[in-house]
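Given next are the chains, with one letter for each unit.
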Amino acid sequence: MNDPFDPTTPDTTTDSPPVQLLTPAGQRVTDPDYSYDGDLADVQDLYRDLVMVRRIDTEAFALQRHGELGLWPPLLGQEAAQVGAGRAMRPQDFAFPTYRDHGIVWCRGEDPTYLLGIFRGSSLGGWDPADRHVALPNIIIGAQTLHATGYAMGLTIDGLVGTGTPDRDAAAMAFLGDGATSQGDFNEALDWAAVHQAPVVFFCQNNHYAISVPLERQTRVPIAQRADGFGLPGVRVDGNDVLACHAVTTAALQRARDGQGPTLVEAVTYRMGAHTTSDDPTRYREASEVEAWKAKDPLERVATHLRDEGVCEEWFAALDTEADALGEHLRESCQRIPEPDLASLFDQVFVETTVELDQQKAEYVAWRDSFEGSVA
Amino acid sequence: MPEFKLPDVGEGLTEAEIITWQVSVGDTVAINDVLVEIETAKSLVELPSPYAGEVRALLVSEGDTVLVGTPIIAIGSADVVEDASVETRPSAEPAKREAMLVGYGPRTDAPTRRRRPSAPASSVPAPSRVASVDTERVRQPAPPTPPAPQAPVPPSRLKLRPLAKPPVRKLAKDLGIDLADVPTTGDVVTRADVEAFAGRVVPDAPVAARPDEAGETRIPIKGVRKFTAEAMVRSAFTAPHVTEWVTLDVSRTMQLVARLKSDPAFGAVKVSPTLIAAKAICLAMRRTPELNARWDEVAQEIVVKKAVNLGIAAATARGLVVPNVVGADSLSLVELAAAIGELTTTAREGRTQPAQMTGGTFSLTNIGVFGIDAGTPILNPGESGILALGSIERRAWVDEEDNVVPRWVTTLALSFDHRVVDGEQGSRFLADVAAILRDPAQALTY
């Protein structure tokens, strides 16, 4: 059948190969445009982040299976993309993550326990986004690309871009997945960012599936190539290579802070797990595909490289112990998450509440208090 | 001793089947060791252990379908020797924390909280429920019995809409039962209440298939088998079935099938007599839309559907499933072929989604593939017609010139719901389908 809409033909991969600085076998390689400038200790720090982020993810996944969380969207396989990008940010930059970007929240320094509260249904976030310059995880697909663009335009208006002061010049970073590229919001954000030369980096983790919809039904060209039409640079990077992700994001952020405009980064990675704990990926993808990506594991290649560089086994063992402690911290913190007070919902609608909301709150509290044994 | 209660692993699941225990009594487990594999309506899931210690008891067996919140395993602390009395500690002891706080949780039939005695006087109607309150856990009893005759309650208050979850409402609707008529012990009408009222309480399935001493094999009734059985009972004893037959010469249909098979336009799809029969059904429906209708007992209406959602019965490893081609009447022949092909492939792979099996308006079943001449098919619940296509065989046939000639012959059987369709419409519809299969050129006249 000759179907012009046949989704099997588009080739979304044969653009220039993604930027890579560390091969799946753990070999450092060079790239004409990008390099990682850190020393061995810096790579060790990145590896520690990778291990910790993976532990947060696996522990939270298990907590969902224990019945402690309502839902969890696992990031397994995407650690390098998130850690590489997250660690390229400076304190004055602002991150706009999605619900799967637990690694970004970690890199910004927020306690991952907050994430458990969200997915337990006990809180709406819990942290003040202004504290560490990280917004609450966005559930609406692609909406945060506009938030980031607007924030970035504000940075320009506030004179925080291109002044040549490294500790002051700032940029915004929007995180998104391949599915978000089909949203109108994403396309509007790229257009506005390009037109206004906003200091924003769009970091797309192309994990190949929008729940069950494969990439080839999402786009006919590589995602990075979409930037061309809007007039901003697009870069493809090996999303499982933490050094490459760090290098590419560092350059893109610097460009933004210097007032040279936005960049679209496509980190080519793979979601090793399910979309969420409610999803069964075996229904829509082959085991062989998952196996092929397993060989490109983002942690293994760094561990191999560190061992080749002479990092001792004691260091790895100590890291495992630290990860175990983090896992225990999460389990215990989860037990201590307080039950939410529904009455507080009324306080969180406006900065200054309204008469109507006050009345509704009073009615609710009175009704609730009419039950025996009610706490309030 | 800590007991692990079956969690809701998939946003609103109420039960799961225990597939395989990965641990045995006496095993020592660490936190997050895999304990058991369960199957939910969504997927196979491994459950990791929330506790470390020694497995003291497996509280449910493989093959059991258990409700969310049911304790499934008891795990003792490895460094504490517990005596048996510990297991029977009074439940009134304040638990530090319920293991099941997320998801729908265990259904406790006793109200966990009661209204204070200082509640409003009994003449005041019970307050309406507030959506933001967890009505599973905070339940209001009926207002106290009035101490003395009161002023009559306004009629509008007499018949409150009974409380029930949407699936229970759907069940009642499917069974033609008014929820207000269903007696219930609590405030909320449950599935069990509806089933009891309908007089068809489904007994619990036996725990697992087991060979009997008498040489029997007892197979638990569940999954597709259970669904099929319920659907068939509901259909057979609700809709009065009439079945009509016609035997005909389909040689021209066989020629058409052979011709289409060599047509490049049909190269990528499967062409079969079933396809032509499906097309004939859609065409015949134009003249007799009564066959594409549904009896709505609750509304006391006959609902005539505009589009033909054609169910195709498929035998699968898990049993019979009847997914339907949505809007089959608006598809071209090649589109219809592709849709049927995809539907049956999906069904055989066991990937048919529940949504694909609802909303059908008429069904086609090809019993001919089993070498059977004809039968009396039972209606798919909610539909008013089903056509069975018998085997197509070379038979002696008397042609127009009184010669006995070998021809391709088959028998069609049509069952219809006599509440909706009379013999006149049923016969016309079947005759029309037969006419098209006898001479596919007849399709031009529709």
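For the structure, see preceding data.
If you're wondering where the values come from, they're calculated on a predicted model, not measured in any experiment. (Residues numbered from 1 in each chain as written. Chains lettered and ligands numbered in written order. Predicted model: local features only at pLDDT ≥ 70, side-chain atom pairs only at ≥ 80, totals over all residues. Heavy atoms only, no water.)

Some remarks on the sheet that holds strand β7 (residues 65-67) of chain B
Residues and elements named next belong to chain B.
Argument step 1. Pairing in this open sheet of 4 strands is antiparallel, and the strands run β5-β4-β2-β7 from one edge to the other. Sheet topology places β5 (44-48) and β7 at the edges, where each strand pairs with a single neighbour. Across the sheet, the axes of successive neighbouring strands diverge by a mean angle of 40°, strand direction being ignored. (Pairing = 2+ DSSP bridges. Helix = DSSP H or I, 4+ residues; strand = E, 2+ residues; numbered from the N terminus. Axes fitted to C-alpha atoms, helices over the stretch in contact; angles between N-to-C directions.)

Notes on the pairing of strand β8 (residues 71-76) of chain B
All names here are of chain B.
Argument step 1. Burial runs high along β8: 5 of the 6 residues are buried.
Argument step 2. Inspection of the sheet shows strand β1 (residues 3-5) paired to β8 by 3 bridges, in the antiparallel sense. By the bridge assignment, Glu3 is partnered in β8 with Ala74. (Buried < 20%, exposed > 50% of the residue type's maximum accessible area, 1.4 Å probe, protein only.)

A few points about the sheet that holds strand β7 (residues 263-268) of chain A
Residue and element names in this part refer to chain A.
Argument step 1. An order of β1-β2-β3-β7-β6 is seen for the 5 strands of this open sheet, with the pairing classed as parallel. With partners counted over all chains shown, the strands left at the sheet margins are β1 (94-96) and β6 (234-238), one partner each. On average, each strand axis in the sheet is tilted by 20° relative to the strand beside it, whichever way the strands run.
Argument step 2. With 5 bridges joining them, β6 and β7 adopt parallel strand pairing. In the sheet register, Val237 faces β7, and the bridge partner there is Ala267.

Some points on the packing of aromatic side chains
All names here are of chain A.
Argument step 1. The full count for this structure, using the stated rule, is 15 aromatic pairs over all chains.
Argument step 2. Look at Trp315 and Phe316: their rings are 5.2 Å apart centre to centre, the planes differ by 80°, and that puts the pair in the edge-to-face class.
Argument step 3. Judged by relative accessible area, Trp315 falls into the partly exposed class, the value being 25%.
Argument step 4. We classify Phe316 as buried; its relative accessible area is 6%. (Phe/Tyr/Trp six-rings, centres within 6.5 Å; stacked < 30°, edge-to-face > 60°.)

A word on the environment of Ala16(B)
All names here are of chain B.
Argument step 1. On the secondary structure map, Ala16 appears in strand β2 (residues 15-21).
Argument step 2. In this structure, the C-alpha to C-alpha distance between Ala16 and Thr65, residues 49 residues apart in sequence, is 5.5 Å.
Argument step 3. The residues touching Ala16, leaving out its near neighbours within four places in the chain, are Leu6, Ile38, Glu39, Thr40, Asp64, Thr65 and Val66. (Contact = heavy atoms within 4.5 Å.)

With respect to a nonpolar patch on the surface
Argument step 1. On the surface, Val369(B), Phe370(B) and Ile372(B) cluster together into a nonpolar patch covering about 320 Å² of accessible area.
Argument step 2. Mapped onto the secondary structure, Ile372(B) falls in the loop between β20 (362-366) and β21 (385-389). (Patch = residues over 30% accessible without salt bridge, like charges linked within 9 Å, V, L, I, M, F, W, Y side chains within 5 Å. Areas by Shrake-Rupley, 256 points an atom, 1.4 Å probe, with all protein chains shown as cover. Salt bridge = Lys/Arg side-chain N within 4 Å of Asp/Glu carboxyl O.)

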